[in-house]
Amino acid sequence: MKKINTILVPYNFTSISKKALDYTLEFVGLDKDSTVLLAHITDEENVTTIEKAFTVIKNDVENTFRGTIKSVIRKGSLTEALLEIQKEEPIDLVVMGTSGDASSDVNNTVDLALEIDDCPVIAIPDTETEFGIKKIALILGKDKIQNRTVLETLLRITRRFNAKVVVLTIQNEEGIYGYSENDESNENLLEYYLEDFYSHHSFIENPDIVKGVMDYVEQHTIDMIAILPRNHAKGAVRSEGLLTKELTFASKVPVLTID
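To keep things clear, this report deals only with the structure shown in the data block. Treat the numbers as computed from the prediction; the structure is a model and nothing was measured.

Side note on the overall build of the protein
Line of reasoning, step 1. Each helix and strand in the protein was counted, giving eight helices and 10 strands.
Line of reasoning, step 2. Over its C-alpha atoms the protein spans a radius of gyration of 18 Å, differing by no more than 12% from the 18 Å that the globule rule assigns to 259 residues.
Line of reasoning, step 3. In terms of overall dimensions, the protein has a C-alpha envelope of 60 × 35 × 30 Å along the principal axes.
Line of reasoning, step 4. In the protein, which comprises 259 residues, the proportion classed as buried is 50%.
Line of reasoning, step 5. Long-range contacts, defined here as pairs at least 24 residues apart, represent 80% of the contacts in the protein between residues at least 6 apart.
Line of reasoning, step 6. For the protein, the accessible area works out to roughly 13,100 Å², and carbon and sulfur atoms hold 46% of it.
Line of reasoning, step 7. Of the side chains in the protein, 27 bear a positive and 43 a negative charge, and the two mean positions are spaced by 4 Å.

Here's the deal with the packing of aromatic side chains
Line of reasoning, step 1. For the structure on display, the rule yields seven aromatic pairs.
Line of reasoning, step 2. Measuring from centroid to centroid gives 4.9 Å for tyrosine 23 and phenylalanine 131, while their planes differ by 65°, and the two rings are edge-to-face. Note that tyrosine 23 is positioned in helix H1 (residues 15-28) and phenylalanine 131 in the loop between strand E5 (121-125) and strand E6 (135-139), a separation of 108 residues in sequence.
Line of reasoning, step 3. The partly exposed category is assigned to phenylalanine 131, whose relative accessible area is 23%.
Line of reasoning, step 4. Within the aromatic cluster, the residues linked to one another by ring pairs are Tyr23, Phe27, Phe131 and Phe161.

Here we look at unusual backbone geometry
Line of reasoning, step 1. The backbone of asparagine 162 sits at a positive phi, close to 55°, despite the residue not being glycine.
Line of reasoning, step 2. Relative to the assigned elements, asparagine 162 resides in the loop between helix H5 (151-161) and strand E7 (164-171).
Line of reasoning, step 3. With relative accessibility at 56%, the residue asparagine 162 sits in the exposed group.
Line of reasoning, step 4. With a phi close to 45°, threonine 221 is a non-glycine residue in the positive phi region.
Line of reasoning, step 5. Of note, threonine 221 is situated in the loop between helix H7 (209-219) and strand E9 (224-227).

About the thresholds
Along every chain, residues carry numbers that run from 1 in the direction the sequence is written. Only residues with pLDDT of at least 70 get local features here, since the model is predicted, and only at 80 or more are side-chain atom pairs given and counted; chain-wide, interface and lining totals rely on the full set of residues. Side-chain numbers here rest on the full set of heavy atoms in the structure, without hydrogens or water. Labels follow the DSSP assignment, with helices taken as runs of H or I lasting at least four residues and strands as runs of E lasting at least two, numbered in each case from the N terminus. It is over C-alpha atoms that the radius of gyration is taken, and the globule rule equals 2.2 Å times the number of residues to the power 0.38. Whether a residue is buried, partly exposed or exposed follows from its accessible area with a 1.4 Å probe, protein chains only, as a fraction of its type maximum: under 20%, in between, or over 50%, in that order. The contact definition used throughout considers only heavy atoms, calling two residues in contact when any of these lie within 4.5 Å. Computed by Shrake-Rupley with a 1.4 Å probe, the accessible areas treat only the displayed protein chains as cover when residues are assessed. In this tally Asp and Glu are treated as negative and Lys and Arg as positive; neither His nor the chain ends contributes. Positions of charges follow a simple convention, taking NZ of Lys, CZ of Arg, CG of Asp or CD of Glu. Each Phe, Tyr or Trp ring, with Trp reduced to its six-membered ring, pairs with another whose centre is within 6.5 Å; inter-plane angles below 30 degrees give stacked pairs, above 60 give edge-to-face pairs, and intermediate values give tilted ones.

Put into structure tokens, the structure is as follows:
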């Protein structure tokens, strides 16, 4: 199974991006094989000051970080530039800071999460205060999981932190949940791919999917939300991005998007 070795962190020297870097360093821990790639997107011609600032960051973390930390400076729009980097480098994961007070941060994160190929994205809210991954809530809709290999990302993370995965479905309309052919197929995949790290599947009634998820996260001390956007889609890209955006905007815990 492919390891998470190279992590891309968009970095603009704000407190939000610093929080994303801190989270990444905690995520990596003492893994000396890991590489953290800091990416700064700018329109400035003279990048000497930025390069010096990255040198300071590298020097600050070298005593506690056993892996490799690198930086790259690019021009262009944020999403396009990050997609280019992802094609050039062996990126296994993107960790990106977001702020509930700046919807553009959420838009950028969601755009990247939906457009990037074969690479999960973790959105770190500015409310995140203490690192920990012990309980992950995987949000599933009624649709069948189309790409079963996406669950391998969850397995890698749960193995790394010995975490448990609770699968959550919000019943926002009338009908019987948990007994359809799709539900049975998903349950079999979850038990197979997530092994002993899979805890159980909860079905919660709430007409508001996002509120239902957030209430569950708070009541059950969930450390991370995971979403498979295409499991909630009816073939429309717009509907995929809407729920991802709303969850990312509302969440006070990191949101992992696997597409």
